[in-house]
Amino acid sequence: MYKYDSYDQKLVDERVAQYRDQTQRFLAGQIPDDEFRALRLRNGLYIQRFAPMLRVSIPYGLLASRQLRMLGHIAREYDKGFGHFTTRQNIQYNWPQLERVPDILADLASVQMHAIQTSGNCIRNITSDHLAGVARDELVDPRPYCELTRQWATFHPEFNWLPRKFKIAFSATTSDRAATKVHDIGVHIIRNDKGELGYAIYVGGGLGRMPMIAHRIRDFLPELDLLSYLEAVLRIYNRLGRRDNIHRARIKVLVKETGPAKFTEMVEAEWALIRDGDLRLQPGDIDIIKSHFDEHPYESDAAADTSFDAMLKSDSGFASFVRRNVHLHRADGYRVVFVSLKPLGGVAGDASAEQLDVLADLADRYSFGEARVTHDQNIVLAEVRQKDVYALWQALCEHGLATPNIGLLTDLICCPGLDYCSLANAGSIGVSQDIADRFESLDYLYDIGDIKIKMSGCMNGCGHHSVGHIGILGVDKHGEEWYQVTLGGSAENDASLGDRTGPAISRANIAEAVERIISVYMEQRQSEDESFLRCYRRIGMPPFKARIYAEPEVTA
Amino acid sequence: MSALLRGHQIATDDYVALADDESGSEGSRVIVSLARWLEQGEALAGRFDQVGVRLPNTVELSTIWAGLASRPLIELDFPAFADGRAYSQARLLRDRYGFSGEIRASGMAVVRDQMQSMARAGIDSFVLRADQDANSCLAALRDFNLAYQPAADRLPIVSALRRSAGP
Ligand code: SF4
């Protein structure tokens, strides 16, 4: 866990006071609506379909147990007993009162949390791999770099009024679990052939109505030049990004319209003028940040345990949980345990106050008091001794948190859609439940294997539909809810955007369409090892298209 | 009536903003548009005591800096509440070009809630939007008492504080 020092705390406390004052002036009629909107958004407060929605920042998805308890407290005290984890490793509350938001922020500040820059046209929460620090394929732990970047971005005086929102993600592994190539800036931590640490920089990726895969604009940036380079990119964007049309204002449009080569040239020219300035990191800076993170004392004899294997053999329920929800840890004798927030019939990413408390207790008992939020809206207890996994699983079962479906079809990503979001064209939660209903059999789900279904209620793409293996996008047709389906998207290292299947599909038929897509895959795959994505890439759209739109017509 | 804040206090404005077709009174201090300055610079400099220049927020500074370097005042424009382009201009003027004259902000964004960022970017005088309370805006310059980023103001910088404390 990154622990605040007195400086971090003071800044967050000053922000609470500033926002309290802004709220009071708004309520007293001293700030016009549209200006308060811009100000409250910079603190994550939206006015949604039924009530305000508050988005709380969880930097790079990392949570301490006392923070989880506080999130539970806020759910109980200010909301209807729930929080909703998002695809950007944040949590949202759907029913807070505008007048009480300053109190919520003060409560959050008491556990080193905030809602700073969780919305608005500024630099948003820095996201990363949910397995950071425990992944076996990791070069270094990316979180200190994320934290450095978070601090640079927090209240940045020059970049608080950008043309549009700006998202930065970090990855330090061979398999990109942070979807970096669909971010405004994706930073890959790498080593060059001399063995020096640094970064490859990708710019201009994004989802939403103009999905794009980012361009690599620098193959290798030395480690100490991170912030000056980010500043150069942001400065070019702040000055030249379009402000005449909200749909063309993201940096991806600037990169596209300028041309990646010319854009790169501009960034490099700007960077050349500032790289030796105040933003250049000093060699000790990264160590200082690292020293704020807890060290976890791993037990050297953890691997000596034999009970884990024994329980695997004797308890088939446990075995299927382990098969899907438990991954290897870089330390021998430890395991990474995924807690599914996608129970059958539940809402993806929702957690009750009680569940948040339970997770806090389990994190304390089994995982050094830490938990992580994933992009797929699940929770990870990442540091569990293998001998504790069984007891942990039993406790999760008791609280409806042990659905063994990580990475399976029912582990789908879904934005809040029409149920909560004022921008939505169509519902997404109900559709996800319909789909889940058709795939109730766990055996069948296991047989289908790894697949990512991603669903958004509108073009804004909060559910990342364009990079879903199966993407589902809600569209409005004459006031009715319809769904545009895409196949073959991916947000990982082989990032690609999905292809449209054809005309949109009605609400009544969308779950059927998904079932048909899966049946084509099951018939066509060469073996169980050929994933849906690979199968699609091999056979292409025609067989899927033929089946989806075959009689009885699903679009009818 | 808009108040002027300068050097952390309420000030009386000794400059007159001239529209392009206004002639202004000889020997006074005026602010003219960039276009007019580029066209009539020498004549204006002879006619007035001091001539400041108002920049559009879209101008690329490197193309015009040579003609601005000797100006006592540069005015930056914030045409809309959420249009932050002039923040970059302010920082470039201070950090890159070493401009030490007055940088003045005017427009829709010159309000309490943006004062401190503007000051951090290097702006040191503010033509407050007409609905703003001057004392409240002055107080806003102290909303935050330290910062993560090095910038043009004198706030203590967190990284420097940490460096001096050691790991
Ligand atoms: S994708 Fe659209 S409907 Fe869904 S949360 Fe985002 S804005 Fe709302």
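Residues numbered from 1 in each chain as written. Chains lettered and ligands numbered in written order. Predicted model: local features only at pLDDT ≥ 70, side-chain atom pairs only at ≥ 80, totals over all residues. Heavy atoms only, no water.

## Thoughts on the sheet that holds strand β3 (residues 62–64) of chain A
Residues and elements named next belong to chain A. Keep this limit in mind: Should DSSP find at least two bridges between two strands, the strands are taken to pair. Strands here mean DSSP runs of E at least two residues long; helices mean DSSP runs of H or I at least four residues long; both are numbered from the N terminus. Lines are fitted to the C-alpha atoms to define the axes, a helix being fitted only along its stretch in contact, and any angle between axes, read from their N-to-C directions, falls within 0 to 180 degrees. In this description, contact between two residues means that some pair of their heavy atoms is separated by no more than 4.5 Å.
The five strands are arranged β3-β14-β15-β12-β11 in an open sheet whose pairing can be described as antiparallel. The open sheet terminates on both sides in strands that have one partner only, identified here as β3 and β11 (326–328). Shown here is a sheet whose adjacent strand axes are inclined to one another by a mean of 30°, direction ignored. Bridging between strand β14 (residues 370–373) and strand β15 (residues 379–385) involves two bridges; their strand directions are antiparallel. Within β15, the position partnered with R372 by the bridge is V380. Lying over the sheet, helix α3 (residues 65–78) contacts β3 and β14, oriented at roughly 85° with respect to β3.

## Considering the UniProt feature "domain: Nitrite/sulphite reductase 4Fe-4S" (unreviewed entry) in chain A
Residues and elements named next belong to chain A. To keep it simple, the criterion reads: UniProt positions are given in the numbering used here, feature names are shortened, and annotations may be inferred rather than shown by experiment.
Per the UniProt record, "domain: Nitrite/sulphite reductase 4Fe-4S" (unreviewed entry) is annotated on residues 119–272 and 451–546. Between the C-alpha atoms that bound residues 119–272 there is a distance of 31 Å. The span itself is 31% helix and 18% strand. In residues 451–546, the share of helix is 29% and the share of strand is 25%. The end C-alpha atoms are 21 Å apart.

## Quick look at helix α8 (residues 260–274) of chain A
Residues and elements named next belong to chain A. Inclusion rule: Helix span, expected: 1.5 Å multiplied by one less than the number of residues in the helix. The buried label applies to any residue whose accessible area, calculated with a 1.4 Å probe on protein chains only, is under 20% of its type's maximum; exposed applies above 50%, and partly exposed to all values in between. The arc in question is traced by the directions running from the helix axis to the C-beta atoms.
The end-to-end C-alpha distance of α8, which contains 15 residues, comes to 21 Å, matching closely the 21 Å that a straight helix rising 1.5 Å per residue would cover. The set of residues buried in α8 consists of F263, T264, M266, V267, E270, W271 and I274. Taken down its axis, α8 places every buried residue within 160° of arc, on the same side. Seen from the buried face of α8, the exposed residues on the opposite side, beyond 90 degrees, are A261, E265, A272 and L273.

## Considering the site of the ligand
To keep it simple, the criterion reads: Think of it this way: one heavy atom of a residue within 4 Å of a molecule or strand is enough to make that residue near it. Each residue receives one of three labels: charged for Asp, Glu, Lys and Arg, nonpolar for Ala, Val, Leu, Ile, Met, Phe, Trp, Tyr, Cys and Pro, and polar for the others, Gly being one of them.
The immediate surroundings of the ligand are formed by C415(A), P416(A), G417(A), C421(A), L423(A), A424(A), S456(A), G457(A), C458(A), N460(A), G461(A) and C462(A). Grouping the amino acids of the shell around the ligand by side-chain chemistry returns seven nonpolar, five polar and no charged.

## Describing the interface of chain A and chain B
You'll often see interface size given as the accessible area lost when the parts meet. Under the convention used in this document: A simple way to read buried area is as the amount of 1.4 Å-probe accessible surface that goes missing from two parts once joined, with both sides added. Counted as salt bridges are all cases of a side-chain nitrogen of Lys or Arg within 4 Å of a carboxyl oxygen of Asp or Glu. We call two N or O atoms a polar contact when they sit within 3.5 Å, provided that within protein one can donate a hydrogen and the other can accept it, with sequence-adjacent residues counted only if both atoms are side-chain atoms.
Each partner contributes residues to the interface: chain A has 45 residues there, and chain B has 31 residues. Each partner contributes to the roughly 3600 Å² buried at the junction of chain A and chain B, and carbon and sulfur atoms together form 55% of this total. Joining chain A to chain B, the criterion identifies eleven salt bridges. A salt bridge links R96(B) to E270(A), with the shortest nitrogen-to-oxygen separation between them at 2.5 Å. Across the chain A-chain B interface, the total number found is 23 residue pairs in polar contact (both at pLDDT 80 or more). At the level of secondary structure, the elements contributing two or more residues to the side of chain A that touches chain B comprise α1 (6–27), α2 (33–41), α5 (143–153), α6 (226–240), α8 and α9 (285–291) of chain A. Here the element with the most residues in the side of chain A that touches chain B is α1(A); it accounts for ten residues.

## Concerning the sheet that holds strand β1 (residues 45–47) of chain A
Residues and elements named next belong to chain A. Read from one edge of the open sheet, five strands run β1-β2-β5-β4-β13, paired in antiparallel fashion. Two strands in the sheet have a free side with no partner beyond their single neighbour: β1 and β13 (350–352). Taken pair by pair, the neighbouring strands of this sheet meet at an average axis angle of 30°, ignoring direction. In this structure, strand β4 (residues 82–85) lies alongside β13, joined through three bridges in antiparallel fashion. Along β13, the bridge assignment pairs F82 with S352.

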